[in-house]
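What follows is the residue order along each chain.
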Amino acid sequence: MPTNPRPGRPPAEPLPALSVIGLGYVGCVSAACFAARGHRVVGVDVDEQKAALLRTGRSPIVEERIDGIVADVVRSGKLRITDDVVDAISATDVTLVCVGTPSARDGSLSTEYLERACAQIGTALAAKPGWHVVVFRSTMTPGTCEGVLVPALERASGRRAGVHFGVCVNPEYLREGSSVRDFASPPKTVVGELDPRSGDVVAGLYADVPGPLFRVPIAVAEMSKYVDNAFHAVKVAFGNEIGAVCRSAGLDSHRVMDIFLADTKLNLSAAYLRPGFAFGGSCLPKDVRALVDLARRRSVDIPLLAGLIPANEAHVRRAVDLVVACGRRRVALLGLSFKAGTDDLRESPLVELAERLIGKGYDLRIHDANVSLSRLTGANRKHIAEHLPHIDRLLTDDLAEVVAHGEVLVVGAATPEIAESVARIDDRPVIDLVRLPDAAPRRGDENYIGICW
């Protein structure tokens, strides 16, 4: 959910003047669109050919509607172009940094252009009185802004970020080909703020823009862009791998995907996208293996789909590693079925976790209010007999007894009873696989360990 409502702006309050450093796709669209919204904008780029085009009211990029917008804002004087960073910053209140962050040879992020921009901005800030906010729109990995760019600004300016000038990260969500429309109606607005004063200024730039607004720590904003792009890449690869398997089987992949896309409850939704523990149950592992086998038999290479089971197994190993790192032998496992509210143990990752801990010699006790040995039948009973043959000595319906046994508590279900019991524990490690309701306030507690938060 959005973390803040969008701020309003008093009618008489003047719009802040903006400088935009880097006039490629993101910078050009940002500069032109903010100018069209009434801001006074100064654009900066070292490419003289690009700058010359803009000075004459012509866009250096090919993009829907951008030519007319650039022509209008240059003609009206709302957008001015210079190659002088000091001039641009002295004439404005907020600087948007939109320079490139290309990949280095090893795949890592190159911050060369960002650091060069920070050196120039810092020099300009050293000579400028009053408060100025530096906003990074360039895509950068978490930790880059606070670990690399803020120190560079402070060195060059001789001033302190958050005290003498502001810093924010404001990722862009502009698709080439529709970036002007996306600027006017983004899916969301994210403001990563070093301090609330800076966040207020940047959030105010988008006061009249629709969509949810998130004001978050800087590193969260940095990561948010990578999550989006990684998921977009996953979706493309997923669709293409399904298409390849369908083609090998003589099926129309688009008819298959029409059915898939019609499901907005599970397929095109927030379902399954919250970090937690591994998947399991009677369907997902079995059906993924069958699909991978179908592709293998037809000599279709599907590395994304083939990687799902190994990725799931790696997540179970993470849980084992967290228990091992605690250095204690008595473990309480709270939850055993693959899904809360059921007694289905088939391919439950919690059964797999229990099996691995027993194999490593841990003294394990288990509680799951929904699992009763006397009621287990069929494949469910067979599965648990194969994987935990001595479960009758491990499983008890006495939650207090299991909690008292554990020197380490592993939470695999978020029932109110378990959450209440765990909330009273402050002297033993709690490994949370489900993100308990009070997880966020406990993040600073050394005895609270979230599996992926």
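The chain is annotated in an unreviewed UniProt entry as UDP-glucose 6-dehydrogenase from Pseudonocardia zijingensis. Per its UniProt entry, the chain bears the Pathway (unreviewed entry) comment "Nucleotide-sugar biosynthesis; UDP-alpha-D-glucuronate biosynthesis; UDP-alpha-D-glucuronate from UDP-alpha-D-glucose: step 1/1." Turning to the chain, the UniProt record has this under Catalytic activity (unreviewed entry): "UDP-alpha-D-glucose + 2 NAD(+) + H2O = UDP-alpha-D-glucuronate + 2 NADH + 3 H(+)".

This next bit is on the pairing of strand 10 (residues 363–367). Sheet topology note: the strand 9 (residues 330–334)/strand 10 ladder contains five bridges and is parallel. Note that in strand 10 the partner of Arg330 across the bridge is Asp363. Considered for its hand, the β-α-β crossover made up of strand 9, helix 14 (residues 349–359) and strand 10 is right-handed.

Located in the positive-phi region is Arg65, a residue other than glycine, with phi close to 75 degrees. Counting through the fold element by element, Arg65 comes out in the loop between helix 2 (48–55) and helix 3 (66–76). Positive phi outside glycine occurs at Arg435, with the angle close to 60 degrees. In this fold, Arg435 is placed in the loop between strand 12 (430–432) and strand 13 (448–450).

Attention now moves to the nonpolar core. Formed by 39 residues in total, the largest nonpolar core has its most connected members in Phe34, Val41, Ile66 and Leu79. Looking at this core element by element, the count peaks at eight residues for helix 1 (residues 25–36). Apart from residues lying up to four places away in sequence, Phe34 is in contact with Leu18, His39, Val41, Leu96, Phe183, Leu205 and Tyr206. Counting 31 residues, the second-largest nonpolar core is a separate cluster that includes Ala88, Leu114, Leu153 and Tyr173.

With mixed pairing, the eight strands of this open sheet are ordered in space as 3-2-1-4-5-6-7-8. Edge positions in the sheet fall to strand 3 (79–82) and strand 8 (213–216), since each of these pairs with one other strand and no more. Here the average twist between neighbouring strands, direction ignored, is 20 degrees. Taken together, the four bridges between strand 4 (residues 94–97) and strand 5 (residues 133–136) define a ladder with parallel strand orientation. Opposite Thr95, over in strand 5, you have Val134 as the bridge partner.

With that settled, the discussion passes to the pattern of salt bridges. Tallied over the full model, the rule gives 21 salt bridges. Two residues, Glu64 and Arg181, come together in a salt bridge whose shortest N-O distance is 2.7 Å. Here Glu64 is found in the loop between helix 2 and helix 3, whereas its partner Arg181 is found in helix 7 (residues 179–184), with 117 residues between them in sequence. Among the charged side chains, a salt-bridge network with shared partners connects Glu193, Asp200 and Arg215.

Now for the sheet that holds strand 11 (residues 408–411). If you trace the five strands from one edge of the open sheet to the other, you get 10-9-11-12-13, paired in parallel fashion. Whereas interior strands pair on both sides, the edge strands pair on one side only; in this sheet they are strand 10 and strand 13. Averaged over all neighbouring strand pairs, the angle between strand axes comes to 20 degrees, with direction disregarded. Here three bridges tie strand 12 to strand 13, and the two strands are oriented parallel to one another. Paired with Asp432 across the strands is Gly450, a residue of strand 13. Its contacts with the sheet put helix 13 (residues 308–326) on strand 9, strand 11, strand 12 and strand 13, and the angle it makes with strand 12 is roughly 170 degrees.

Taken together, the side chains of Phe231, Val234 and Leu273 present a nonpolar region at the surface, about 250 Å² in accessible area. With respect to the helices and strands, the residue Val234 is situated in helix 9 (residues 218–248). Its relative accessible area of 37% is what places Val234 among the partly exposed residues.

Here we take up helix 13. Side chains of residues three or four places apart in an α-helix project in the same direction, reflecting 3.6 residues per turn. For helix 13, which comprises 19 residues, the first-to-last C-alpha distance of 28 Å matches the rise-based estimate of 27 Å (1.5 Å per residue) to within 8%. For helix 13, the complete set of buried residues consists of Ile309, Asn312, Ala314, His315, Val316, Ala319, Val320, Val323 and Cys326. Backbone geometry just after helix 13 places Gly327 at a positive phi near 70 degrees.

What counts, and at which threshold
- Residues numbered from 1 in each chain as written.
- Predicted model: local features only at pLDDT ≥ 70, side-chain atom pairs only at ≥ 80, totals over all residues.
- Heavy atoms only, no water.
- UniProt positions renumbered as here; feature names shortened; annotations may be inferred.
- Pairing = 2+ DSSP bridges.
- Helix = DSSP H or I, 4+ residues; strand = E, 2+ residues; numbered from the N terminus.
- Right-handed = clockwise from strand over helix to strand, strands pointing away.
- Core = buried A, V, L, I, M, F, W, Y, C linked by side-chain atoms within 4.5 Å.
- Buried < 20%, exposed > 50% of the residue type's maximum accessible area, 1.4 Å probe, protein only.
- Contact = heavy atoms within 4.5 Å.
- Axes fitted to C-alpha atoms, helices over the stretch in contact; angles between N-to-C directions.
- Salt bridge = Lys/Arg side-chain N within 4 Å of Asp/Glu carboxyl O.
- Patch = residues over 30% accessible without salt bridge, like charges linked within 9 Å, V, L, I, M, F, W, Y side chains within 5 Å.
- Areas by Shrake-Rupley, 256 points an atom, 1.4 Å probe, with all protein chains shown as cover.
- Expected span 1.5 Å × (residues − 1).

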